[in-house]
Amino acid sequence: YDLTSGASNVLIGRDAGVNFTDNTSNIAIGHNALDACNGGEHYNIAIGSNTLSADIAGSDYCIAIGHNALMDQNADVKNTAIGGLAGDAIEGGNVNTLVGYMAGSGMTDASANTVVGSGAMEGGNGSSNTAVGYQAGGDTLAGANNTIVGAQAGLALTDGPGNVCIGSSAGENM
């Protein structure tokens, strides 16, 4: 461990926060949680193996709970991901809230999304979307400002902006 001047960190698990230097007020619980952080990352919560494990860009106020949640994030952003593989591929997307197993999994640079549900917006890279329900928004949503509510609603929606799909399978063939 390289922690030299950081304060108020909680590190539990093999290699949790292993590269911390001046990091402050972080909680890292689990194998490799916040393990790449090497200075300037503060006020983060990472619970689960490999959570926030690539971040060396000074992120503050991120929450990652669940195996591989926000695993690839590496930018000065503020994201919340709760669920196994939630937001696992996000690198530079900002202010996303992802809740559910694989919610926003595969998303890389999308921002300002609220995604709730198992597999919701899995792989989609649109911004400013709301997707609620099992697989809501599917895995190809690249459009912006869509509201999608219901199991598999908007499943085939790709890049159209400003759509509203409410109900199970609503907008399935868009």
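The structure under discussion appears in the preceding block.
Caption draft 1: Highlighting the overall build of the protein chain. Secondary structure summary: the protein chain contains zero helices and ten strands in total. Starting at the N terminus and ending at the C terminus, the protein chain contains elements arranged as β-β-β-β-β-β-β-β-β-β. Expected size for 174 residues packed as a compact globule is a radius of gyration near 16 Å; at 16 Å, the protein chain falls within 12% of this value. Judged by the C-alpha coordinates and their principal axes, the protein chain covers about 55 × 20 × 20 Å. Burial statistics for the protein chain: of 174 residues in total, 47% are counted as buried. Taking contacts inside the protein chain between residues at least 6 apart in sequence as the whole, the part at least 24 apart equals 0%. As displayed, the protein chain offers around 6800 Å² of accessible surface, 54% of which is attributable to carbon and sulfur atoms.

Caption draft 2: Highlighting the nonpolar core. Ranked by internal contacts, the top residues of the largest apolar core, which has 30 residues, are Leu34, Leu52, Leu98, Met107, Val115 and Ile148. If near-sequence neighbours (up to four positions away) are discounted, Met107 is found in contact with Ala89, Ile90, Asn96, Leu98, Asn113, Val115, Met121, Gly123, Gly124 and Asn125.

Caption draft 3: Spotlight on the packing of aromatic side chains. One pass over the structure, following the stated rule, counts one aromatic pair. Judged by centre distance (5.0 Å) and plane angle (15°), the ring pair of Tyr43 and Tyr61 falls under stacked. Taken together, the residues span a long stretch of sequence, with Tyr43 in the loop between strand 2 (27-29) and strand 3 (45-47) and Tyr61 in the loop between strand 3 and strand 4 (63-65) at a distance of 18 residues.

Caption draft 4: Quick look at the pattern of salt bridges. Within the structure shown, the criterion is met by one salt bridge. Asp76 is the salt-bridge partner of Lys78, the closest N and O atoms lying 3.8 Å from each other. On the basis of relative accessibility, which here comes to 35%, the residue Lys78 falls in the partly exposed class. Overall, the relative accessible area of 48% leaves Asp76 in the partly exposed class.

Caption draft 5: Up close: the sheet that holds strand 3. Taken in spatial order, the ten strands of this open sheet run 1-2-3-4-5-6-7-8-9-10, and their pairing is parallel. Because the sheet does not close on itself, it has two edges, and the strands there are strand 1 (10-12) and strand 10 (164-166). If you compare each strand with its neighbour and ignore which way they point, the axes differ by 5° on average. Pairing between strand 6 (residues 97-99) and strand 7 (residues 114-116): three bridges, direction parallel. The residue of strand 7 that forms the bridge with Thr97 is Thr114.

Thresholds applied
- Residues numbered from 1 in each chain as written.
- Predicted model: local features only at pLDDT ≥ 70, side-chain atom pairs only at ≥ 80, totals over all residues.
- Heavy atoms only, no water.
- Helix = DSSP H or I, 4+ residues; strand = E, 2+ residues; numbered from the N terminus.
- Rg over C-alpha atoms; globule rule 2.2 N^0.38 Å.
- Buried < 20%, exposed > 50% of the residue type's maximum accessible area, 1.4 Å probe, protein only.
- Contact = heavy atoms within 4.5 Å.
- Areas by Shrake-Rupley, 256 points an atom, 1.4 Å probe, with all protein chains shown as cover.
- Core = buried A, V, L, I, M, F, W, Y, C linked by side-chain atoms within 4.5 Å.
- Phe/Tyr/Trp six-rings, centres within 6.5 Å; stacked < 30°, edge-to-face > 60°.
- Salt bridge = Lys/Arg side-chain N within 4 Å of Asp/Glu carboxyl O.
- Pairing = 2+ DSSP bridges.
- Axes fitted to C-alpha atoms, helices over the stretch in contact; angles between N-to-C directions.

Purely geometric numbers; function is a separate question.
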